[in-house]
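Chain by chain, the residues run as shown.
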Amino acid sequence: MFVTHKNSQVYFSSVGKGNTILLLHGFLETSEMWANFIPQLSKTHRVVCVDLLGHGKTDAIGYIHSMGDMADAVFSVIKKLKVENVTCIGHSMGGYVALALAEKYPELIENLCLMNSTFEADNNERKVLRARAARMATDNYETLVRLSFTNLFPNSSRIKFKEAFEKALEVGLKTSKQGFVAGHKGMAIRPDRFEVFNAVKGKKAIIIGEKDWIVNKDFLMKKVKNTTIETAVFSEGHMSHIENKSELSCFLIRFSEK
């Protein structure tokens, strides 16, 4: 299904009935990443998945997609479905979008889980890497995407989950050049949203991979220590939906319960 947002098309799916679970994918991914989890979750909930701006079947609307821009596109779906509140799970960039959604529409987010994601802003080193990737996208785009995606997996995971890795890479390679550049630029300018996360009134959780070099595990664990934010540490890396599929499935079922 599609909804029109700023004269562009935003793709979404809605399966099941009950309280709504909103699933937001990460960079170089699409809503397809949730396919293995929807059948179980939709037995008791309405499960809504959205292709974020410049990803999957959703159009790019500019050359910088801020997390707020992406949140507005997601909210256009929510309005169409006439949903009042959601339990939101965001993977990586999807977590950044979820936080922007919580900031702009605080009445919407009942519970929030950051999956292999963070409330931190990019540090200077990360901003430099993003700017370099945006420049490099002009030439050798496929090589750049392959490298960017491969770096999300430890070597052991690329071997152990070879089939799933190659399938996910194939999806990533379909991301448009504009979507790639706009996403990087949007992530680079996002602010720290710890206070936004901490202010969510319902359940709050962070899923962290032991081998995830993108997320600063020690910092996050220390920052949330004296809060009501739950932490779940999985054994592998940044792609928990592939590397820790069974553990993630159990966690999502539990987190989505009242």
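Below you will find a few notes about this structure. Along each chain, residues carry numbers from 1 onward, in the same order as the chain's sequence is written. Local features in this predicted model are restricted to residues whose pLDDT is 70 or higher, and side-chain atom pairs enter the listing and the counts only when it is 80 or higher, whereas totals over whole chains, interfaces and linings include all residues. The basis for every side-chain value is the complete set of non-hydrogen atoms in the structure, without hydrogens or water.

### Side note on the pairing of strand 7 (residues 204–209)
This is how it is decided: Accessible area is worked out with a 1.4 Å probe on protein chains only. A residue is then buried under 20% of its type maximum, exposed over 50%, and partly exposed in between. Secondary structure counts use DSSP, requiring at least four H or I residues in a row for a helix and at least two E residues in a row for a strand, with both numbered from the N terminus. Pairing between strands is defined by DSSP: at least two bridges between the two strands are required.
Burial runs high along strand 7: 6 of the 6 residues are buried. Along strand 7, one buried face is formed by Lys204, Ile206 and Ile208 and the opposite face, lined by Ala205, Ile207 and Gly209, is buried too. Sheet topology note: the strand 6 (residues 109–115)/strand 7 ladder contains 4 bridges and is parallel. Note on strand 7: the bridge partner recorded for leucine 112 is lysine 204. Across 6 bridges, the pairing between strand 7 and strand 8 (residues 229–234) is parallel. Directly across from glycine 209, in strand 8, lies its bridge partner phenylalanine 234.

### Overview of the nonpolar core
Note the threshold: Think of a nonpolar core as a cluster: buried Ala, Val, Leu, Ile, Met, Phe, Trp, Tyr and Cys residues, connected wherever their side-chain atoms sit within 4.5 Å. Contacts were defined at the residue level, with two residues in contact if any of their heavy atoms lie within 4.5 Å.
Among the nonpolar cores identified, the biggest contains 65 residues, and Leu22, Leu112 and Phe180 are the most heavily contacted of them. If you tally residues by element for this core, the top one is helix 2 (residues 67–81), at 9 residues. If we skip the residues at most four places from it in the chain, leucine 112 touches Cys88, Ala98, Leu99, Ala102, Phe197, Val200, Lys203, Lys204, Ala205 and Phe255. Trp34, Val47, Cys113 and Ala205 belong to the second largest nonpolar core, which has 20 residues in total.

### Points about helix 3 (residues 93–104)
Note the threshold: One less than the residue count of a helix, multiplied by 1.5 Å, gives the span that helix is expected to have.
Compared with the 16 Å implied by 1.5 Å per residue over 12 residues, the 17 Å span of helix 3 between its first and last C-alpha is a close match. Most of helix 3 sits inside the fold, with 10 of its 12 residues counted as buried. Regarding helix 3, the residues found buried are Met93, Gly94, Gly95, Tyr96, Val97, Ala98, Leu99, Ala100, Leu101 and Ala102.

### Some words on the packing of helix 2 against helix 3
In a pair of packed helices, the angle between the axes and the distance between the axes together describe the arrangement. Here is the rule: Here an angle of 0 to 180 degrees is reported between the N-to-C directions of two axes, which are lines fitted to C-alpha atoms, with helices fitted over the stretch in contact. Roughly parallel means an angle under 35 degrees; roughly antiparallel means over 145; roughly perpendicular covers 65 to 115; every other angle is labelled oblique. Throughout, the ten residues Ala, Val, Leu, Ile, Met, Phe, Trp, Tyr, Cys and Pro are labelled nonpolar, Asp, Glu, Lys and Arg are labelled charged, and all others, Gly among them, are labelled polar.
One way to put it is that helix 2 packs onto helix 3 with a least axis distance of 8 Å and a crossing angle of 75°. By the criterion of interaxial angle, the relationship of helix 2 to helix 3 is roughly perpendicular. Note on element contacts: helix 3 touches helix 2 through Met93, Tyr96, Val97, Ala100, Leu101 and Lys104, opposite Met67, Gly68, Met70, Ala71, Asp72, Val74 and Phe75. Here the contact of helix 2 with helix 3 is composed, by residue class, of 10 nonpolar, 1 polar and 2 charged.

### Section: helix 4 (residues 124–136)
The line we're drawing: By construction, the arc corresponds to the directions joining the helix axis to the C-beta atoms.
Counted at 1.5 Å a residue, the expected span for helix 4 with its 13 residues is 18 Å, and the 18 Å between its end C-alpha atoms agrees. Listing the buried residues of helix 4 in full gives Arg130, Ala133 and Ala134. End-on, the buried residues of helix 4 take up no more than an arc of 100°, which puts them together on one face. Seen from the open side of helix 4, the exposed residues pointing more than 90 degrees away from its buried face are Asn124, Glu125 and Arg135.

### Things to note about unusual backbone geometry
Its identity as a non-glycine residue notwithstanding, serine 92 has a phi of 50°, on the positive side. Looking at where serine 92 falls in the secondary structure, it is placed in the loop between strand 5 (86–91) and helix 3. One non-glycine residue, asparagine 116, lies in positive phi territory at about 50°. Mapped onto the fold, asparagine 116 is located in the loop between strand 6 and helix 4.

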